[in-house]
Amino acid sequence: MKTIQHFIDGKHADGTSGRHGEVTNPATGEVTGQVPLASASEVDTAISAAAKSFEFWGTASLAKRTQVMFNYRELVNAHRDEIAELITAEHGKVHSDALGEIARGLEIVELACGIPQLLKGETSTQVSTRVDVESIRQPVGVVAGITPFNFPAMVPMWMFPVALACGNTFVLKPSEKDPSATLRLVELAHEAGVPDGVINVVHGDKTAVDRLLEHPDVDAVSFVGSTPIAKHVHDTAGAHGKRVQALGGAKNHMLVLPDADLDQAADAAVSAAYGSAGERCMAVSVVVAVDPIGDELVGKIAERARALTIGPGDDPASEMGPLITAEHRDKVASYVPRAREQGAEVVVDGTGLVVEGHEGGFFTGVSLVDGVTPGMDVYADEIFGPVLAVVRAENYQEALALINRSRWGNGTAIFTRDGGAARRFQLEVRAGMVGVNVPIPVPVGYHSFGGWKDSLFGDHHIYGNDGVRFYTRGKVITTRWPDPSDGGIDLGFPSNS
Ligand code: NAD
């Protein structure tokens, strides 16, 4: 059993609160590690290290900060198999999927390598006689990052590379369910040349999070997790005067029009609904089938769903691994009989699956539920597991209205061959990220990621240009180098001439 440590001011540190959580291998059900749950005073120590290091990191040259990011990119790339193994051991996702999240995280490191270009200010010369104006962006200070279990590498990498490259220092509170990959990424950042105190990791639960939200020396908070906690983080950090972006949960709809290629649509639905056991904020959890293709599409999805190989993430034959905990697995599975009771048709029932040799693992098979309506729990809740609901709609208008009534608006997708319909959808749908024949439209690093409605609280999306704006604040400098003839008292409001 391993003992996981905090990482504060460039050094590992044992927990001193006397509280800890258990880390489990979801494929076997065995407890493999103990993670300390920080007290408020341990969080204070990390914040104080970050605040002290901001004094030099906030003014470190762009050349220095960029060099560190280039080193970091090489190191993460060299260690990606090791990090993927840590992810699989504590999260459960299959190795190839773990490598995929590292690759998407690396995109943000690459964005951060180009920070000099992104931080270039704007200058206007001679806005008035002998007066120039310059707009610059400066780091905000100490940033706290609070991350979910489902992407222990990618989501932290959405945050700290951009924050650090902009000159901020960082305190990261990873998910206590699978903290080892996140900790390893931070150790590598230190190895790449990020100085002591510039990036710190404190493990913990609500006690640690609430201290970060209230501490006067934290200037900004980036959060990714479930909607209720995102709202809590947004409101609490905001009440304490901090800049905050809080990304929440989702229920992503994939709209299939009758003219779509149904084989491609079925492939996409299966990949996006069941990949990572449905534990993705961009997973497709609802397919909206527009008449008359519903029966044919459901048949194609069912055929593919039944053929999936489910097993431990470190077995190359497995396409889908276990869920994160036994409680979560049981909660996910409970939606299937409930959907049946509420009038839906369970086409594929994956509940009760036992994987031979891994009887203690937190596995469930994949489920497909047809004839779902908005009043059913299987539609109304974010299940966060491999349960795909199919809703039938008579036409595009009815399908769009359904999607737009959802309380969430993270990602959505349309499958069609009709360019005009796709264009209408991308303009009319109320969601932050839209895919046209792309089921999981996670934007590339140089665009930005974020949802609408209950999927994001705050004004800024994460990474891309929005990330740079979130982690910096503007300053505008107006300069005059006067001639001897300038001067004289004028009590009027300064005007330009
Ligand atoms: P979660 O909200 O339970 O936990 C997220 C973080 O908040 C963790 O670090 C956790 O320790 C902390 N936390 C948990 N309870 C808390 C409390 N009461 N007070 C303060 N902090 C608390 O989320 P999760 O289960 O780890 O992750 C899954 C959720 O995250 C899903 O809802 C998923 O949709 C969402 N998610 C969203 C995005 C996005 O980009 N919008 C990305 C990934 C995951």
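Keep in mind it's a predicted model, so treat the numbers as computed, not measured.

J.: Teacher, can you tell me more about the overall build of the protein here?
T.: Each helix and strand counted, the protein has 16 helices and 23 strands in total. Its C-alpha atoms put the protein at 85 × 55 × 40 Å along the principal axes. A burial count over the protein gives 56% of its 497 residues as buried. Of the accessible surface of the protein, which amounts to about 20200 Å², a share of 50% is contributed by carbon and sulfur atoms. For the protein, the centre of its 42 positive side-chain charges and the centre of its 63 negative side-chain charges are spaced 6 Å apart.

J.: What am I meant to see in the packing of helix α2 (residues 62–78) against helix α7 (residues 180–191) here?
T.: The axes of two packed helices give the description: the angle between them and the distance between them. At a minimum axis distance of 9 Å, the contact between α2 and α7 shows a crossing angle of 135°. Classified by the angle between their axes, α2 and α7 sit oblique to one another. Along this stretch, α2 crosses α7, giving a crossing that reads as right-handed. Between α2 and α7, the residues in contact are Tyr72, Leu75 and Val76 and Leu185, Leu188, Ala189 and Glu191, respectively. Tallied by class, residues from the contact of α2 with α7 come to six nonpolar, no polar and one charged.

J.: Can you help me understand the UniProt feature "domain: Aldehyde dehydrogenase" (unreviewed entry) in the protein in this one?
T.: Look at the UniProt record and you will see "domain: Aldehyde dehydrogenase" (unreviewed entry) annotated at residues 16–476. Note that residues 16–476 is 41% helix and 21% strand, and that its end C-alpha atoms are spaced 45 Å apart.

J.: What's the story with the sheet that holds strand β15 (residues 345–348) in this structure? I'm lost.
T.: Sheet strands pair via backbone hydrogen bonds, and the direction of the pair is either parallel or antiparallel. Read across the open sheet, the seven strands follow the order β15-β16-β17-β14-β13-β19-β20; overall the sheet is mixed. Each end of this open sheet is capped by a strand with a single partner; those strands are β15 and β20 (433–436). Geometrically, the sheet is characterised by an average inter-axis angle of 20° between neighbouring strands, direction not taken into account. Judged from the three bridges that link them, strand β16 (residues 367–370) and strand β17 (residues 387–393) form a sheet pairing that is parallel. Bridging from a neighbouring strand, Val369 pairs with Ala389 of β17. Of the strands in this sheet, β13 (252–256), β19 (411–415) and β20 touch helix α15 (residues 419–428), which is tilted by about 165° from β19.

J.: What is the right way to look at the pattern of salt bridges in this model?
T.: Opposite charge on two side chains permits pairing when their charged atoms draw close. Under the counting rule described, the total for this entry stands at 26 salt bridges. Taking the shortest distance from any N to any O, the salt bridge between Arg407 and Asp454 comes out at 3.0 Å. Here the residue Arg407 occupies a position in the loop between α14 (396–405) and β18 (408–409), and Asp454 occupies one in the loop between β21 (452–453) and β22 (456–457), the gap between them amounting to 47 residues. Judged by relative accessible area, Arg407 falls into the partly exposed class, the value being 44%. The class for Asp454 is partly exposed, based on a relative accessible area of 22%. In this structure, a network of salt bridges that share partners links the residues Asp263, Asp267, Lys300 and Arg304.

J.: Even after reading the chapter, I still don't get the side chain of Lys242, so can you show me in this structure?
T.: Looking at where Lys242 falls in the secondary structure, it is placed in the loop between α9 (227–239) and β12 (243–247). Of the buried charged residues, Lys242 lacks a salt bridge, with Asp219 as the closest side chain of opposite charge at 7.0 Å. A distance of 2.6 Å separates a polar side-chain atom of Lys242 from the backbone oxygen of His215. Engagement of the side chain of Lys242 in a polar contact is seen with the backbone oxygen of Val218, the distance being 3.0 Å. The contacts of Lys242, once residues within four sequence positions are left out, are Leu212, Leu213, Glu214, His215, Pro216, Val218, Asp219, Val221 and Ala237.

J.: How do you make sense of the pairing of strand β11 (residues 220–224) when you look at a structure like this?
T.: The side chains of a regular strand alternate between both faces of the sheet. Counted residue by residue, β11 has five buried out of five residues, so it is predominantly covered. The alternating pattern of β11 places Ala220, Ser222 and Val224 on one face and Val221 and Phe223 on the opposite face, and all of these are buried. Bridging between strand β8 (residues 142–146) and β11 involves four bridges; their strand directions are parallel. Paired with Val143 across the two strands is Ala220, which belongs to β11. Pairing between β11 and β12: five bridges, direction parallel.

J.: Teacher, can you tell me more about the site of the ligand here?
T.: Neighbouring residues of the ligand: 27 residues in total, closest Lys173, Glu176, Ser226, Gly248 and Glu382. Taking Glu176, its side chain carries an N or O atom lying 2.7 Å from an oxygen atom of the ligand. In this structure, Gly248 approaches the ligand through a main-chain N or O atom, which is 2.8 Å from a nitrogen atom. With the chains in place, 88% of the 850 Å² that the ligand exposes on its own is no longer accessible. A molecule is said to occupy a pocket when more than half its atoms come within 2 Å of that pocket's grid points, and by this definition the ligand occupies the largest pocket. Every element with two or more residues in the shell around the ligand is listed here: α8 (206–214) and β11. When grouped by side-chain class, the residues that make up the shell around the ligand number 14 nonpolar, nine polar and four charged. Here the shell around the ligand spans two domains, and each of domain 1 (2–248 + 455–477) and domain 2 (252–436) adds at least three residues to it.

Reading the values: the criteria
- Counting restarts for each chain, with residues numbered from 1 along the sequence as it is written.
- Whole-chain, interface and lining totals are the exception, using all residues; otherwise, since this is a predicted model, local features are given only for residues with pLDDT of at least 70 and side-chain atom pairs are given and counted only at 80 or more.
- Side-chain metrics rest on all non-hydrogen atoms present in the structure, leaving aside hydrogens and water.
- In DSSP terms, a helix is any run of H or I states spanning at least four residues, a strand is any run of E spanning at least two, and both are numbered starting from the N terminus.
- Relative accessibility decides the category of a residue: with a 1.4 Å probe and only protein chains considered, values under 20% of the type maximum give buried, values over 50% give exposed, and everything between is partly exposed.
- Working definition of accessibility: Shrake-Rupley area with a 1.4 Å probe, residue cover restricted to the visible protein chains.
- None of His or the chain ends enter the tally, which takes Lys and Arg as positive and Asp and Glu as negative.
- A single reference atom marks each charge: NZ on Lys, CZ on Arg, CG on Asp, CD on Glu.
- Axis geometry follows a simple rule: fit a line to the C-alpha atoms, using only the stretch in contact for helices, then measure angles between N-to-C directions, giving values from 0 to 180 degrees.
- Here roughly perpendicular refers to angles of 65 to 115 degrees, roughly parallel to angles under 35, roughly antiparallel to angles over 145, and oblique to all remaining angles.
- Crossing handedness is defined as follows: a turn of the near helix away from the far one that is anticlockwise and smaller than a right angle gives a left-handed crossing, while the clockwise case is right-handed.
- The contact criterion used is simple: two residues touch if any of their non-hydrogen atoms lie within 4.5 Å.
- Classification convention: Asp, Glu, Lys, Arg as charged; Ala, Val, Leu, Ile, Met, Phe, Trp, Tyr, Cys, Pro as nonpolar; all other residues, Gly among them, as polar.
- UniProt positions are given in the numbering used here, feature names are shortened, and annotations may be inferred rather than shown by experiment.
- Between any two strands, pairing holds if DSSP finds at least two bridges.
- Should a side-chain nitrogen of Lys or Arg be within 4 Å of a carboxyl oxygen of Asp or Glu, the pair is scored as a salt bridge.
- N or O atoms within 3.5 Å of each other form a polar contact, as long as, within protein, one can give a hydrogen and the other can take it, and as long as residues adjacent in sequence are counted only when both atoms are side-chain atoms.
- Any residue with a heavy atom lying within 4 Å of a molecule or strand is counted as near it.
- Lining residues are defined by having an atom within 4 Å of a point belonging to a cavity or pocket. Those points lie on a 1 Å grid over the protein atoms alone, cavities being sets where a 1.4 Å probe fits but cannot get out and pockets being open sets with protein on both sides within 12 Å along at least five of seven lines.
- The way we define it, a molecule is inside a pocket or cavity when more than half of its atoms are within 2 Å of that pocket's grid points.
- For every domain, the bounds stem from an assignment made automatically or drawn from a database.

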